[in-house]
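# Structural overview
The lines below spell out each chain.
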Amino acid sequence: MAHIPLPRYLVEPRFRTGRSPKMPVRNQLVHGRRLEQQLRTLFDTVGERRDARAPELPPLPAAVQLLVESSAAKGKPILTQASLPKGWNLEVVEERPDGILTAISGDPNLAKLQRSVGAFRQNERTAKGRLRFGSTKIAALQGIVAADRTLKLGEELLLQGPIRRGQAYLVDIEVAAGYSLDDHAQRREEFGAYLRAADAVIIGTGAIVEEDYALFRARIAGRVLLDLVDNHPHVMSIDTPPLVELEGMALLDIDALRLPGSLDQLAAGPPIVVIDGGVIPEQPLIRQALNGPVHRRDRKST
């Protein structure tokens with residue numbers, strides 16, 4: 001029997017079996033080098049942005065936010081929040097239908113992802129012929145770039161034109177710090193400390209905390225707003241509050257002396273109080289204080 005050169009088969013593309021989508025056929029050397037160049041560009045971009053920060057701005061967390069673009073199979077992204085290798089140490093905070101994942105790495109050097117890309121490029125394999133360090137799915141990794149401010153600025157804020165550093169803005173800031181993970185409580189505290197150190201005014205009693213995000217409403221200077229969208233790794237989006245809430249907040253600025261006084265209670269008959277307008281349950285300033293909305297109509301409409 002002729003000798004079978006096993007190394008020949010070790011360098012050929014290997015595919016996962018079962019229902020998992022097949023990985024794209026890649027030239028490992030070319031694809032690995034391209035991803036390594038994208039990582040270098042990402043580090044350069046993040047470094048340049050941070051070097052341009054004003055020295056009086058508060059320090060930032062040691063983390064980086066990035067966009068991970070997946071290849072598709074049968075019209076569906078191969079890499080999803082559920083299928084992303086755990087060994088890459090990426091926290092997916094947003095999953096888009098177009099196959100782009102917004103992720104946060106607590107390691108600004110992305111060491112685990114770099115190791116997987118290197119193992120894929122060099123075709124590092126185990127004794128059983130499998131690619132090492134979770135690098136099998138590197139074939140499905142289409143692109144890696146730093147998160148961009150245009151993806152974080154909301155539509156209403158963009159309509160106001162370029163952000164002016166000296167102008168004050170009232171904004172809603174969405175932070176990847178929901179209640180689904182225990183360590184996110186510390187992340188919310190650190191973000192609140194950042195805002196206070198930046199002389200921001202936090203509206204209300206603090207953040208509204210949902211499962212996968214926390215919402216801070218604050219008045220901040222334009223230079224702080226730009227720092228948040230360009231550099232803060234935990235900020236997902238920033239926009240102006242909804243118009244109906246802005247109109248409601250304007251009532252807070254009414255001087256108490258301008259409010260009408262109450263009538264003296266008459267001796268005969270019970271007092272009658274009419275409250276017009278009702279309550280908007282979604283209003284962030286009162287949302288946490290409500291046990292539940294109550295609607296009552298004592299008079300039939302005619």
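What comes next concerns the included structure. (Residues numbered from 1 in each chain as written. Predicted model: local features only at pLDDT ≥ 70, side-chain atom pairs only at ≥ 80, totals over all residues. Heavy atoms only, no water.)

Moving on, we come to the packing of aromatic side chains. Across all of its chains, the model carries two aromatic pairs by this definition. Ring geometry for Phe-191 and Tyr-194: centres 6.2 Å apart, planes at 15°, overall stacked. Here Tyr-194 and Phe-191 lie together in helix α5 (residues 184-197), a separation of three residues that amounts to about one turn. Grouping residues by exposure puts Phe-191 and Tyr-194 together as buried. Three or more aromatic residues joined by ring pairs form one cluster here, namely Phe-191, Tyr-194 and Phe-216. (Phe/Tyr/Trp six-rings, centres within 6.5 Å; stacked < 30°, edge-to-face > 60°. Helix = DSSP H or I, 4+ residues; strand = E, 2+ residues; numbered from the N terminus. Buried < 20%, exposed > 50% of the residue type's maximum accessible area, 1.4 Å probe, protein only.)

Further remarks concern helix α6 (residues 222-231). Of all ten residues that make up α6, nine are buried, and the element is covered over most of its length. Those residues of α6 lying buried are Gly-222, Val-224, Leu-225, Leu-226, Asp-227, Leu-228, Val-229, Asp-230 and Asn-231. Here the buried face of α6 lies against α2 (28-51), α4 (155-159), β7 (168-175), α5, β10 (214-221) and β11 (235-239). (Contact = heavy atoms within 4.5 Å.)

Below, the discussion takes up α2. Taking 1.5 Å per residue, 24 residues should reach 34 Å; α2 reaches 34 Å between its end C-alpha atoms and fits that length. Every buried residue of α2 is listed here: Gln-28, His-31, Gly-32, Leu-35, Glu-36, Gln-38, Leu-39 and Leu-42. Buried positions along α2 lie against β1 (64-70), α3 (111-122) and β6 (141-146). (Expected span 1.5 Å × (residues − 1).)

Considering all chains together, one arrives at seven salt bridges under this definition. Asp-148 is paired through a salt bridge with Arg-49; the nearest N and O atoms lie 4.0 Å apart. Residue Asp-148 is found in the loop between β6 and α4, and its partner Arg-49 is found in helix α2; the two are separated by 99 residues along the sequence. For Arg-49, a relative accessible area of 23% corresponds to the partly exposed category. The residue Glu-91 makes a salt bridge to Arg-187 at a minimum N-O spacing of 3.0 Å. Placement of Glu-91 in strand β4 (residues 91-95) and of Arg-187 in helix α5 is noted, with a sequence separation of 96 residues between them. (Salt bridge = Lys/Arg side-chain N within 4 Å of Asp/Glu carboxyl O.)

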